[in-house]
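Each chain is listed here by its residues.
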Amino acid sequence: MDTVRTRFAPSPTGFMHVGNLRTALYAWLLARSQQGKFILRIEDTDRARLVENAVDVIYATLKRAGLDHDEGPDVGGACGPYIQSERKPLYIEYAKKLVASGAAYYCFCDKEEEPADAESAPTALGCPGNCRDLDAAEAEKRVAAGEPFVIRQKIDRGGTSSFSDLVFGDITIENKVLDDQILLKRDGMPTYNFANVVDDHLMGITHVVRGSEYLSSTPKYNLLYRAFGWELPQYVHLPLIMGRDADGNVSKLSKRHGSVSFENLVAEGYLSEAIVNYIALLGWSPKSDREIFSLPELVGAFNLAGLNKSPAVFDYDKLRWMNAEHIKALPVEKFAEISLPFSGLAGTPLESKYPAIAALLQARTEKLTDIPEKIGFFSALPEYDTALFCHQKSKSTPETARETLAELAPRVEALEPWDRDAVYTLFKEYAEKKQVKIGQPMWAVRIAVSGMAVTPGGPCEIMEILGKAESLRRIGIALQKL
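Residues numbered from 1 in each chain as written. Predicted model: local features only at pLDDT ≥ 70, side-chain atom pairs only at ≥ 80, totals over all residues. Heavy atoms only, no water.

Caption draft 1: Fine view of the pairing of strand S9 (residues 234-238). Of all five residues making up S9, four are buried, and the element is well covered by its neighbours. Taken together, the five bridges between strand S8 (residues 207-211) and S9 define a ladder with parallel strand orientation. The residue bridging Arg210 from the neighbouring strand is His237, located in S9. Between the parallel pair S8 and S9, the chain is carried across by helix H6 (residues 218-228), and the sense of this crossover is right-handed. (Buried < 20%, exposed > 50% of the residue type's maximum accessible area, 1.4 Å probe, protein only. Helix = DSSP H or I, 4+ residues; strand = E, 2+ residues; numbered from the N terminus. Pairing = 2+ DSSP bridges. Right-handed = clockwise from strand over helix to strand, strands pointing away.)

As structure tokens, then:
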């Protein structure tokens, strides 16, 4: 086919792991960069592992990540249905075709059954091996009698199987290590591997994008394609995503390394755009040293040649930095809108002043969940020690602070108009009169009105937001402390 067609085929078994999202992203980028089609297919053949509402999580995650699909359960398409449990008759039909051609066989073995001759039974069958060479007529008779069975792929034990992967190159595997995998289970449902092959062919998938853990299974897929006489797709196997623990040990990314789901990362205050940008670089390198990309920019830059073989290590510090860069690039109005729910100020008297607070926060925010700690002093003055008034660079001490605040208080009370510029002018005139650097009075007031040494914005901005009455009240508290 001339049109590139890729697919994302998740199982609805819970949250969207970042590894799943990266697979979806690369498949989407490949399709979009080649003006192709991206298909969503729900693989729900493992009925025991299904999680309620997991399909909704898949839809919501893809939508929030910006990965739209051209065909799928919710949008339809010419190759539907796109939910595997609704395609059961197809799998039965194609499994029986393989039996008829000798590429598969009915297996009546019980899972607990031991082979009659343990030494002579093939070790890679995945069962005792009593049915592999069963007479076809006898097998059909047992099926007709209602005896439970599975259908297994019949692997030729001799020789090797080779295939070419667009990331890992040419790979050869000895057939003797391949098991006679189950294609159709006793309940008539297909296994993941068999359903994938049938669906990928019938849906015209040209490029199969998936994790490198499926490399060893690919020869079995190809034997099925050849048994049907179908054209092989191109394979794009992706490197593993690893995590690093507190001791520096690296292993496959899991919950012990931190949040590994898209939902949890968003809940922790990472922007969707930043998560997608970061995940795009976990296994793919652009031609330039550039690291910050929007989704359309990723489409323009993406190419398969940039995919790496080596595992990628998920670095939360790097994600945090990238998130901060994406936050800085937002229009301030947009930042205020998306950060308000994280601020703790929604529904409080300070909500009306949040746009001004957000303007101070934006350049200082790495994660949206950091915001409450940064601005909590606006809602309530925290307890603090007078040692905070000590600041060597500003030549501030508790003694100079007491004198400064006592002299500034009546001037602050008389100040009109009340805005940051007027407050700054007041500090400047006071410093000139006292022949000190302006940092001295500003440090004293910063501590008095915030109770913190590090704040978003300086004392002028803080006092403008707090208002005159609250600023004076807090200066009074500081004088009592001093």
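Caption draft 2: Structural context of the packing of aromatic side chains. Taken as a whole and judged by the stated rule, the model has 15 aromatic pairs. Judged by centre distance (6.3 Å) and plane angle (75°), the ring pair of Tyr225 and Trp230 falls under edge-to-face. Judged by relative accessible area, which is 3%, Tyr225 ranks as buried. Ring centres of Phe228 and Trp230 lie 4.1 Å apart, and the angle between their planes is 15°; on these two criteria the pair is classed as stacked. For the pair Phe228 and Trp230, one class covers both residues: buried. Taken together, the aromatic side chains of Tyr26, Trp284, Phe293 and Phe302 make up a single cluster linked through ring pairs. If you follow Arg290 out to its NZ or CZ, it ends over the ring of Phe293, 4.6 Å from the centre. (Phe/Tyr/Trp six-rings, centres within 6.5 Å; stacked < 30°, edge-to-face > 60°. Lys NZ or Arg CZ within 6 Å of the ring centre and 35° of its normal.)

Caption draft 3: Quick peek at the side chain of Arg5. Its place among the elements puts Arg5 in strand S1 (residues 5-8). Among the residues examined, Arg5 registers a relative accessible area of 8% and is labelled buried. At 2.9 Å, the side chain of Arg5 forms a polar contact with the side chain of Glu71. With sequence-adjacent residues up to four places away left out, Arg5 is seen in contact with Lys37, Ile39, Glu71, Cys79, Met203, Gly204, Ile205, Thr206 and His207. (Polar contact = N/O pair within 3.5 Å; in protein donor to acceptor, adjacent residues only side chain to side chain. Contact = heavy atoms within 4.5 Å.)

Caption draft 4: Spatial organisation of the nonpolar core. If you look at the biggest cluster of nonpolar residues, it comprises 49 residues, and the most contacted ones within it are Tyr354, Phe378 and Leu405. Among the secondary structure elements, those contributing two or more residues to this core are helix H11 (332-343), helix H12 (354-361), helix H13 (371-379), helix H14 (398-414), helix H15 (420-434), helix H16 (439-450), helix H17 (459-466) and helix H18 (468-481). Here the element with the most residues in this core is H16; it accounts for seven residues. Residue contacts for Leu405: discarding those within four places in its chain leaves Phe389, Ala444, Val445, Ala448, Ile475, Ala478, Leu479 and Leu482. (Core = buried A, V, L, I, M, F, W, Y, C linked by side-chain atoms within 4.5 Å.)

Caption draft 5: View of the sheet that holds strand S12 (residues 312-314). Strand order in the open sheet formed by three strands is S11-S10-S12, with mixed pairing between adjacent strands. Each end of this open sheet is capped by a strand with a single partner; those strands are strand S11 (250-252) and S12. The sheet shows a mean angle of 45° between the axes of neighbouring strands, taken without regard to direction. Bridging between strand S10 (residues 241-244) and S11 involves three bridges; their strand directions are antiparallel. Each residue of the ladder has a partner; that of Gly243, found in S11, is Ser251. (Axes fitted to C-alpha atoms, helices over the stretch in contact; angles between N-to-C directions.)

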